[in-house]
Amino acid sequence: MKAGKPAQPHRPSRLRRAELALAGLLLLVLALDLAFPLPRPAATSPTLTVLAADGTPLRSWAGDDGAQRQPTTPDALSPRYLEALLAYEDRAFYWHPGVNPVALARAAWQWARQGRIVSGGSTLTMQVARLVDGRAAGRSIPAKLRQIARALQLELHLSKREILSLYVNLAPMGGPLQGVETASRAYLGKSAAELSQAEAALLVALPQSPTRLRPDRAVQAAQAARDKVLARMQALGVWRATDVADARLERVFAPPLRARWLAPLAAERLRQQARRRGEAPAFIQTTLDAALQARLEQLLADRLHTLPDAASLAALVVDNRTLAVHGYAGSADFTDARRGAHVDMVRRLRSPGSTLKPFLYAMALDEGLVHSESLLIDAPQNFGGYAPGNFQADFSGPVSVSEALQRSLNVPAVDLLERLGPERFAGRLRHAGVRLRMAADAAPNLSLILGGGSTSLEELVGAYTALARGGLAGRPRLLPDEPVREARLMSEGAAFIVREILEHGGRPGSPFREGSQRVAWKTGTSFGFRDAWALGVTDRYTFGVWVGRPDGTPNPGHFGANTAAPLLRDLAAALGPEGASPQARQQLAPRRQPASVRAVPICWPLGAAQAETPPGHCLQRRSAWTLDGATPPTLPDRLRPAAGLVEAAWTDGAERVAPGCLRHAGRTTRHDVARWPTLLLPFLDPALRDPVDRLPWRPGCAPATPQGGALRIVGLEPGSVLRAAPGQRQIPLRVQAVGARAGLTWLLDGQFAGGSDRPDAVQRLTLSRDGAHALTALDGQGRWARVDFEVRVPPPLR
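Everything numeric here is computed off the predicted structure, so don't read it as measured data.

Scanning the protein from terminus to terminus reveals 20 helices and 29 strands. By residue count, 52% of the 798 residues in the protein fall in the buried class. When contacts within the protein are restricted to residue pairs at least 6 apart in sequence, those whose partners lie at least 24 apart make up 67%.

Shown next, in the form of structure tokens:
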């Protein structure tokens, strides 16, 4: 037998034992993995953030656990943030199995030498383990061991991208904030996709001590932590020194989290809408312009000190081209419960006052009832028991459509509404999105035009967009994917004419301007000073403001012209073209006069075109906007509906004679005289009357009831000079009208001075202004009497 080599160990048996050991280890790992499954993030109710059009967060709501989360993915984050995170926290993230042996060895050595944990040696995976397993949190040895085990489990079950995604969504960022996207929007007002290097470094540092480093509370500590990250990035050569130096210059600042809320009531509205639809989105994108919204809320806040403690403000701004809402303030101060902070006055139903008048005049234009200079009557009138007055309690007599609208006169509007029909007016408005809510069981009536129904600021602004959109009213849109809803409210020509009137009273060449833009605007005040309104229209925007108390309590002394209009002017200035982007300015098409609109000279009192009016009947010439080539004549005289405005008159020499008193037939001349409506006669300057109408009546040849002669004022003689008693500065006066019928109205210098249903009632007046005066009495049948007199009041003693 040959001598051979010594026997070798049995290699297969050793390999087998190694394989068995490895299998046993794997089985142990699997058993432990099954026995102690990897915790998943706890199921919580979704959080919600409402965003402006550019992604700026407007308002957020936390989940049931109080945390605010805005889900994101690593791909959606700024590359600068990912560079800083991986370089500062875990440079070996993509090659270690969940733990970094080198880092752990260094941490163990530091613990052995100093007797305490100096650095944890944690990887990003271990930090995620700490976030998903609360028992793995802490710096104790058992906690670290649990972290290591959980980190290995994470690497076993998830990809590196999934682990990184868990970190960027769960990292604590101070207060209720979780995740990088949440912190970026809350502290920095921007998406985490847009971070600068300084901002990225700040958000990398925050999770190290989220409470101590909150930038809205501890600016210096947050900046020091940020600069530490920047220094590491420079030392590692990830970022250039010049970039880091620039990043250090950025100041760390974040206002308190709640202070960053914008449009909180608009956001709440959208949240409630989502709930009603059964939706639970993480984000709701709106059409709101964050910068414009901030300016709007600041404007409202600056006005609050001028209002009573319980009063509030609301405003809405809509883009005319898209109907997108760019500014929405439902209350002036969301933190002040005394002012009804949580009551959204953009949607609350209130009396609109006179704000519906532009739509009435537009409909009258479309119906061919009037043109822009049609003669209307601003004088006391009774419409079946409804006797409106003007806001200033005075009357102007003859006024044009443009003057009546610009001055918001009540009587001419009620007169026109009766001719158009309240039911028809309300129906047209309803079709265009303005639903006038009446009292229970009440039908539309003449009070509608003075605020007798209820609507909202949102509906009013939507209707006013018709003035800039060729007559198409629209429903304001808060969501970018919401469809455009619009309806015809008036013709393009009527919209142009009404807008011209509201800009400059129908007088070309003198428009109302705010900066370089023209603004069409209208105010309104509800009964009892409960609501003050102002609405404005420019080429780009339609906007409106409301002022009042949400509980409907009156605010005496606060009305549209003195409270809402100044705020509207400030808002118009803030929205002016100077503040618009070049792209926005380019989108504005130049305004053009529609082909259906033409400027035509017309004549009063007949109202027809000058070219169609005999020269002797053109007692006053005006330039009017006409629609579709029509120049409607003056509306029929209510007191003489069967008579036209041209009547026959006879003269004998320099005297007028009645038809039944023609003593010298051969010398009598017949004239066709242009007549003014009866109710205007007390207000007319004699120079405006037809020359024949100004001639005296021949004694004994006047009509049985001449105009102005059926009524007589007693207690004051024409040409009287009234003097105050010594030491007094007021003169008491008692007057009475003889021959009045159907009620009586007294005017002193054109202003309402009193009235009574009893024609024989005594009227008491107190006179205190020195100078010439005119006292007029008018009855319900249009008859009148006038007395001119003077008052002499001694000057005050000095």
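All right, on to the packing of helix α8 (residues 197–205) against helix α9 (residues 219–235) then. Interaxial distance between α8 and α9 falls to 8 Å at its minimum, and their mutual angle equals 105 degrees. When the axis of α8 is compared with that of α9, the two are roughly perpendicular. On α9, the residues touching Gln197, Ala198, Ala201, Leu202, Val204 and Ala205 of α8 are Ala222, Ala225, Arg226, Val229 and Leu230. Looking at the contact of α8 with α9 residue by residue, the classes come out as nine nonpolar, one polar and one charged.

Here we take up helix α10 (residues 241–249). For α10, every residue scored as buried is listed here: Asp243, Val244 and Ala247. Down the axis of α10, the buried side of the element spans an arc of 100 degrees, and every buried residue falls inside it.

Tracing the chain through its elements places Tyr81 in helix α2 (residues 79–89). In this structure the C-alpha to C-alpha distance between Tyr81 and Leu202, which are 121 residues apart in sequence, comes to 9.3 Å. Aside from chain neighbours lying at most four places away, what touches Tyr81 is Tyr167, Val168, Val180, Leu195, Ala200, Leu203 and Val204.

Let us now look at unusual backbone geometry. Here the bond from Trp604 into Pro605 is cis, since omega is 5 degrees, no more than 30 degrees from zero. Mapped onto the fold, Pro605 is located in the loop between β17 (597–604) and β18 (620–627). At Phe529, a residue that is not glycine, the phi angle is positive and equals roughly 60 degrees. Position of Phe529 among the secondary structure elements: in the loop between β14 (520–525) and β15 (531–537). Note on Phe529: relative accessible area 29%, which makes it partly exposed. A positive phi angle, near 55 degrees, is found at Asp628, a position not held by glycine. Looking at the element boundaries, Asp628 is found in the loop between β18 and β19 (646–652).

Definitions and cut-offs
Residues numbered from 1 in each chain as written. Predicted model: local features only at pLDDT ≥ 70, side-chain atom pairs only at ≥ 80, totals over all residues. Heavy atoms only, no water. Helix = DSSP H or I, 4+ residues; strand = E, 2+ residues; numbered from the N terminus. Buried < 20%, exposed > 50% of the residue type's maximum accessible area, 1.4 Å probe, protein only. Contact = heavy atoms within 4.5 Å. Axes fitted to C-alpha atoms, helices over the stretch in contact; angles between N-to-C directions. Parallel < 35°, antiparallel > 145°, perpendicular 65-115°, else oblique. Nonpolar A, V, L, I, M, F, W, Y, C, P; charged D, E, K, R; others polar. Arc of directions from axis to C-beta.

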